[in-house]
There are 4 protein chains.
Amino acid sequence: MAGNTFGTLFRLTTFGESHGHAMGGIVDGCPAGLALDLDAVQAELARRRPGQSSLTTSRKEADEVQWLSGTVEHEGGPVTTGAPIGFTVANTSARPADYDHLKDTFRPSHADFTYEAKYGLRDVRGGGRASARETVSRVVAGAVARQILATLGVEVGAYVERVQDISMPLPPSFHSRDEVDAHPVRCPHPETAARMADRIADVKKAGDTVGGAIVLVARGVPAGWGEPVFDRLHADLAKAMWSLPATKSLELGSGLSGTLMRGSEHNDKFVDRGDRIGTATNRSGGIQGGISNGEDILLRVGFKPVATVLQPSSSVDRDGNPVELEGRGRHDPCVLPRAVPLVEAMACLVLVDHALRQRAARLTFGA
Amino acid sequence: MAGNTFGTLFRLTTFGESHGHAMGGIVDGCPAGLALDLDAVQAELARRRPGQSSLTTSRKEADEVQWLSGTVEHEGGPVTTGAPIGFTVANTSARPADYDHLKDTFRPSHADFTYEAKYGLRDVRGGGRASARETVSRVVAGAVARQILATLGVEVGAYVERVQDISMPLPPSFHSRDEVDAHPVRCPHPETAARMADRIADVKKAGDTVGGAIVLVARGVPAGWGEPVFDRLHADLAKAMWSLPATKSLELGSGLSGTLMRGSEHNDKFVDRGDRIGTATNRSGGIQGGISNGEDILLRVGFKPVATVLQPSSSVDRDGNPVELEGRGRHDPCVLPRAVPLVEAMACLVLVDHALRQRAARLTFGA
Amino acid sequence: MAGNTFGTLFRLTTFGESHGHAMGGIVDGCPAGLALDLDAVQAELARRRPGQSSLTTSRKEADEVQWLSGTVEHEGGPVTTGAPIGFTVANTSARPADYDHLKDTFRPSHADFTYEAKYGLRDVRGGGRASARETVSRVVAGAVARQILATLGVEVGAYVERVQDISMPLPPSFHSRDEVDAHPVRCPHPETAARMADRIADVKKAGDTVGGAIVLVARGVPAGWGEPVFDRLHADLAKAMWSLPATKSLELGSGLSGTLMRGSEHNDKFVDRGDRIGTATNRSGGIQGGISNGEDILLRVGFKPVATVLQPSSSVDRDGNPVELEGRGRHDPCVLPRAVPLVEAMACLVLVDHALRQRAARLTFGA
Amino acid sequence: MAGNTFGTLFRLTTFGESHGHAMGGIVDGCPAGLALDLDAVQAELARRRPGQSSLTTSRKEADEVQWLSGTVEHEGGPVTTGAPIGFTVANTSARPADYDHLKDTFRPSHADFTYEAKYGLRDVRGGGRASARETVSRVVAGAVARQILATLGVEVGAYVERVQDISMPLPPSFHSRDEVDAHPVRCPHPETAARMADRIADVKKAGDTVGGAIVLVARGVPAGWGEPVFDRLHADLAKAMWSLPATKSLELGSGLSGTLMRGSEHNDKFVDRGDRIGTATNRSGGIQGGISNGEDILLRVGFKPVATVLQPSSSVDRDGNPVELEGRGRHDPCVLPRAVPLVEAMACLVLVDHALRQRAARLTFGA
């Protein structure tokens, strides 16, 4: 209950600090019998990896997963056994000494002050546990979850919809990974992507940072996932998204614009889709009463501009004395391109968890 | 794990359907030694009660709590013993027959379809478990939590900031209950409140509904509450808010507007406040790295227009055949005034839970 | 996490004190679609009820369940909907004043001292939450669980094997309820039952109490239930049995006698049973590696003589001063006959929970 | 919820198979500020290590912990930060090929059959996850927990009381580690220890195995730990002990012999101990009503003779066909000496967890 475990039946527990020995985690509750595609996991990590383009931090990490348990070799590849999957990802580019000058100082809008207030001491090296490097373990587990979802016909994709005030001119919808990854900014609208990249380059030059918004779409989710009343599917998705390092806002389906409509125009009318009952519009974002209804699940996550700017800044030390901080280190001018796989990973974790939980909802399973 | 329990150390488990025998719940983990003010709990329920003004549904419920366990009489009043607090709230105005015509039909944007998809059957009476009446138990538990927070110097208040497009002209900040409850619409800006009330009256006349936004402020929260990395304080607050029936959006601190700023302008500079280290601005919304920093916690929750409109509407039955629904029943044209105590209750539950969890964070408690 | 919830997917949370308003609980996670036999639940409560024979306490309680939620009427009876099942059982024979003289005194081997040490105050009325009356809610939930198990072909039965040193001359095995309940002492060996009853009558006359042992047998449990490594099926059964008020010992399968054997004689050889693989002996008690193997699950639970004796006794008050206690109140000379339904109820709760958990063990359910 | 996590606030999650890459785990919820003595942890592992004497398996493992996270260097040594502690222990002596002949066969009283029944496939290498090697991670976490308990004045010690029918002639009581470890059999009564060692040597020569009993004593536990009604302190200790690989019986305090007494003789009279209220006898085993009372906590755990015997044995294959198994591999003739640190580790985990949980029991902590 100290906050490093996520999920109920499909559970991830993580450990690791930014400049410590290694990051890692344990996936417990992965069903037995999954032929695990390790390359696919590695490919997800490559999407999160620092240094992948000029838009991201220059820190270089191989981010290779070391798999420690939970599978046996079967027909030429690893298959899950139902045992917990332990893994580590080494920190090869740790530079703890970079942070010695911060040991008595609290950087603005970082977790330096709050960690020390909570625990009485803190790991100053790169933010320690508060570093976004922690999310590497989520991507590993999310990539395992995605492979389970694939067996159920569920696809999860996200993309950058907006960087600062530069926004795609299209409503949220599913875009293939090829479309999304065609541009390093991960916006599937090429013209907008180019403008976003320019903005990020400008901001980087100024030693500053920008935020924006990511759209998440899950398609193929069958009707019936989600556990009222507290573990509504979107409540667990919300917790997932707000557990990411820089989240500032979240919208479901029609989101903010939905709060401006009248009920008579906002309601999604049911229609017969032949093989299933669907809705004519999807303002609900695929979830009604906390349970998936078979339509696309649509979320929009807003991210703040990251706090680490390469500009001088004023702050205080532990005793409240004013100090000047120079801006240095290796950081992202805009986290959104690298946050796309994080948003996807967290969504995959929630969806698999609820897929398994749904198996207990009826007396006769499958009926 | 079927979704009807909320919290870790301070836990609420609820039961009850809209038109069943009773609503109720169990608060487990309420610390021993709290002199419980039952009238204060009842007063919270009065704020949530239907029929309290012309702006709300005409369903009448006394909503009196029956306390079943967990206290002993001590110096003239009940004091908690550490045992679970069981309670019920009777359904006195249940009219299950009102819903007979819906048993084969799915109302648009309600949970009728998804509950049936999930469980294979459903309680058609007023939405059953999916009814917002379920929140009555949250208000009871939240009111207990609020009394614990008071002993820690923490105050929690919410208010209606916006109805449809009518919004207060002031930035989010703490308003006293007297200010908020001065107008039945629960907006502490009288002129805006009056405009909101007019809009709601218009919409009601049209048999329609509207949504809007509620601001939640918690002040006095000490630095140090929240459990990285998954149980960040705002991640648990997010889950709490998204577990409410009509949530469409959530923002923390600067929220959406923060995603448009540059990092250099968004960062909250630390300043010496004499007795504590504070921040000059509060774009972080009182939480950094998932842990409270001592500033006001600021959330904005967007609510959709409720789905039940008193207008005819088309839908389908279980077999996909088109049906026409007339609009009838007793419903709120705008849930926001009654949602204020819900938002507060959920915030209180999360904050007490994290106050207790924080007690385990250090080897030497209090050091 | 304050200890009043049991189970993972099928969860019981309880409340209530011996001389408070009511006992009760919430069953969350009961699968939808169970046609609930309420009379069968009531019949289980009748087996636990005080005053059912001269061997038990003279306290009279109707112990009628009031069902508050979680079902709909379908084809003439209640069917579970997947919503939480709330219930209460009134305390009709509460005599709180009987305990006023104990408010500053700690009865030997009761929970008076430890509750006060833990919580700083206590409910003196009949032991408050520490009373065995708390188990009434377990029997209700266990009876629901038993009905789910019946749909899976699992039967759970217990009986009194030993009272003090009077023991059945037969090895543990399944006995039907008719056999067990044929004698109020609930020992299915009539001659032994008669001797046990005589012993209990003697002890009652002396104002004293006796303990003994109960055997629990679950038959029809399929191979595959149990979650290594910590939630081994017998680890959860152990926790269940040790959560009962007077447990002193627990044995699985061969139990203590097994610890005296050599491995070569203790091992259960596998044999082909035609439709399944079985074992020639059952020293494992139906569980190997923490997972059921298809053989009968066999447990033996030892209970102490209850602490409330109707004899004068010395103790101390809150300040450590010696006090003399007279023996009075309404109590059982031997809890074992009434503990039989408790042992069964707890076993049913564990088994249903693991039946549901097993549904998540494989990628392809049912394969 | 797949069974590989133990504890509530102080939580261990483990992974690893006997002949896989590594064992390991994550301790989440270790309070910040503990100066961690890594050598002391290593010393506990040395007590569990195979090959430590002629009484144990000849498998050789260095069992060195690799610490991956959760501490910072402070005043010359590692101090916990409140972040999760990740660790691994390499498998250096894995011989997976030793088990190829078992892939279609189920060894008697092993977990081969049940794992396959549960998961549909299994890791045949040395029992995979079902191997007792899994307990290495428990010893690591238990050793961390022990260091927290030391700051609270709590000592935890266990010893071998009985091997098969050879038993110490003394009642259960605390023995120092020096006394216990003076003889490799870990019985603190030298004469009995010598007889036990002879018996084990005889049995080893015969290719057979024996079981016995271990006594666990925790002293210095303050009154007040334990969470009624389900998480009674002894219920959690019971689950802990029954989660170990070869447990067959458990007794608390007077245990089985207590079930033969009358209540009037079994009750523990309270007495004034000057600084605290104590009991004249300790038949309760230090726990009343599920809460510690300040007396020594006394448990007795019975272990079966391990199933792996070096004798030929008959069994069946997956299709039920009879097969002959030769006895081979590296195994312990008697697990009890090596189980002593396991019993202690599990007790330490439970006690620290409840120490932290007790911090939330009262409104005013410490009052």
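Numbers given to residues run from 1 along each chain, matching the order in which its sequence is written. Whichever chain is written first is A, and whichever ligand is written first is 1; the rest continue in order. It should be noted that, the model being predicted, local features are given only for residues of pLDDT at least 70 and side-chain atom pairs only at 80 or more, the latter also being counted only at that level, while totals for whole chains, interfaces and linings use all residues. Excluding hydrogens and water, the side-chain values take into account all heavy atoms of the structure.

Take the overall build of chain A next. Under the scheme used here, helices are H or I runs from DSSP no shorter than 4 residues and strands are E runs no shorter than 2 residues, and both carry numbers assigned from the N terminus. Across its full length, chain A carries nine helices and 19 strands. Against the 2.2 N^0.38 benchmark of 21 Å for 367 residues, chain A shows a C-alpha radius of gyration of 21 Å, consistent with a compact globule. When its C-alpha atoms are laid out on the principal axes, chain A stretches across 65 × 50 × 40 Å. Taking all 367 residues of chain A together, the buried fraction comes to 68%. For chain A, restricting intrachain contacts to residue pairs at least 6 apart in sequence, the fraction spanning at least 24 positions comes to 69%. Areas reported as accessible are Shrake-Rupley estimates using a 1.4 Å probe. Residue values count occlusion only from the protein chains shown. With an accessible surface of roughly 11,200 Å², chain A has 50% of that area assigned to carbon and sulfur atoms. Just to be clear, the radius of gyration here is over C-alpha atoms, and the globule rule we use is 2.2 Å times residues to the power 0.38. Only protein chains enter the accessibility calculation, which uses a 1.4 Å probe. A residue is then buried if its area is under 20% of the maximum for its type, exposed if over 50%, and partly exposed in between. Two residues qualify as a contact provided that any one of their heavy atoms is within 4.5 Å of a heavy atom in the partner residue.

Another aspect to go through is the pairing of strand β9 (residues 155–163) of chain D. All names here are of chain D. Burial analysis of β9 places eight of its nine residues in the buried class, which makes it a mostly covered element. Where β9 meets strand β11 (residues 212–219), eight bridges bridge the pair, whose relative direction is antiparallel. In the sheet register, valine 160 faces β11, and the bridge partner there is isoleucine 214. Paired strands, in this sense, are two strands between which DSSP finds at least two bridges. Taken together, the two bridges between β9 and strand β10 (residues 166–167) define a ladder with antiparallel strand orientation. Note that in β10 the partner of valine 163 across the bridge is isoleucine 166. Where β9 folds back onto β10 in an antiparallel hairpin, the turn is made up of two residues, including glutamine 164, whose phi is positive at roughly 50°.

For the pair chain B and chain C, the superposition axis carries a translation of 0.0 Å, the fit reaches an RMSD of 0.0 Å, and the rotation angle comes to 180°. Here the transformation between the copies is reduced to the relation of a two-fold axis. A share of 100% of interface residues in chain B that are also interface residues in chain C marks the association as one of identical surfaces. A least-squares superposition brings the copies together, and it is based on the C-alpha atoms of residues with pLDDT no lower than 70 in both.

Least-squares fitting of chain C to chain D yields an RMSD of 0.0 Å, with the superposition described by an axial translation of 0.0 Å and a rotation of 180°. Interface residue correspondence from chain C to chain D reaches 100%, placing this contact among same-surface, isologous pairings.

Turning next to the environment of C:Ala111. Of note, C:Ala111 is situated in the loop between β8 (105–106) and α2 (112–119). Accessibility expressed as a relative area gives 9% for C:Ala111, which makes it buried. Setting aside residues up to four positions removed in sequence, C:Ala111 forms contacts with C:Ala130, D:Gln288 and D:Gly289.

This part takes up the interface of chain C and chain D. Across the contact, 107 residues belong to chain C and 107 residues belong to chain D. As a working definition, buried area equals the accessible area (1.4 Å probe) given up by two parts on being put together, with both sides summed. Where chain C abuts chain D, roughly 8,400 Å² becomes buried across the two surfaces, and 57% of that area is made up of carbon and sulfur atoms. For salt bridges, the criterion is a side-chain nitrogen of Lys or Arg within 4 Å of an Asp or Glu carboxyl oxygen. Applying the counting rule to chain C against chain D returns six salt bridges. Ionic pairing is found between D:Lys239 and C:Asp236, a salt bridge with its closest N-O pair at 2.7 Å. Here a polar contact is recorded for every N or O atom pair within 3.5 Å, except that within protein the pair must consist of a potential hydrogen donor and a potential acceptor, and residues adjacent in sequence are included only if both atoms are side-chain atoms. Viewed at the interface, chain D and chain C are joined by 47 residue pairs in polar contact (both at pLDDT 80 or more). With seven residues, the top contributor of residues to the side of chain C that touches chain D is α2(C). All amino acids are sorted into three groups, where Ala, Val, Leu, Ile, Met, Phe, Trp, Tyr, Cys and Pro are nonpolar, Asp, Glu, Lys and Arg are charged, and the leftover types, Gly among them, are polar. Residue composition of the side of chain C that touches chain D, by class: 41 nonpolar, 39 polar and 27 charged.

Counting residues at the interface gives 41 residues for chain B and 41 residues for chain C. With both sides pooled, the region where chain B packs onto chain C buries about 3,000 Å², and carbon together with sulfur makes up 64% of that total. Across the contact surface, chain B and chain C share zero salt bridges. Summed over the shared surface of chain B and chain C, the result is four residue pairs in polar contact (both at pLDDT 80 or more). Sorting the residues of the side of chain B that touches chain C by element identifies β2 (11–15), β3 (22–28), β5 (71–74), β6 (77–80) and β7 (85–90) of chain B as the ones contributing at least two each. Looking at the side of chain B that touches chain C residue by residue, the classes come out as 15 nonpolar, 19 polar and seven charged.

Residues and elements named next belong to chain A. Along the chain, the position of threonine 192 falls in helix α5 (residues 190–205). Using a relative accessible area of 3% as the deciding quantity, one classes threonine 192 as buried. At a separation of 2.5 Å, a polar atom in the side chain of threonine 192 contacts the side chain of histidine 189. Setting aside its immediate chain neighbours within four residues, threonine 192 contacts Ile166, Ser167, Met168, Pro169 and Cys187.

What follows concerns the sheet that holds β8(C). Residues and elements named next belong to chain C. Taken together, the three strands give an open sheet; going across it, the order is β8-β18-β19, and neighbouring strands pair in antiparallel fashion. Looking along the sheet, the strands with just one partner apiece sit at the ends: β8 and β19 (322–325). Here β8 runs beside strand β18 (residues 313–317); their pairing, made up of two bridges, is antiparallel. Each bridged residue has a counterpart across the sheet, and for phenylalanine 106 the counterpart in β18 is valine 316.

Let us look at the sheet that holds β11(D). The strand order β10(C)-β9(C)-β11(C)-β17(C)-β12(C)-β12(D)-β17(D)-β11(D)-β9(D)-β10(D) describes an open sheet built from 10 strands, whose pairing is antiparallel. Looking along the sheet, the strands with just one partner apiece sit at the ends: β10 (166–167) of chain C together with β10 of chain D. By the bridge criterion, three bridges tie strand β12 (residues 247–252) of chain C to strand β12 (residues 247–252) of chain D in an arrangement that is antiparallel. Note that in β12(D) the partner of C:Ser249 across the bridge is D:Glu251. Angles here are taken between N-to-C directions and fall from 0 to 180 degrees, while the axes themselves are lines fitted to C-alpha atoms, restricted in helices to the stretch in contact. Each of β9 (155–163) and β10 of chain C touches helix α5 (residues 190–205) of chain C; the most contacted strand, β9(C), lies at about 60° to it. Packing against the sheet, helix α9 (residues 336–358) of chain C makes contact with β9, β11 (212–219) and β17 (297–303) of chain C, and its axis sits at approximately 145° to β9(C).

Inspection of the secondary structure assignment puts B:Leu252 in strand β12 (residues 247–252). Assessed through its relative accessible area of 3%, B:Leu252 is described here as buried. For B:Leu252 and B:Ser284, which are 32 residues apart along the polypeptide, the C-alpha to C-alpha distance reads 7.1 Å. For B:Leu252, the contacting residues outside a window of four places in its chain are A:Trp242, A:Lys248, B:His234, B:Arg283, B:Ser284, B:Gly285, B:Ile287, B:Leu298 and B:Leu299.

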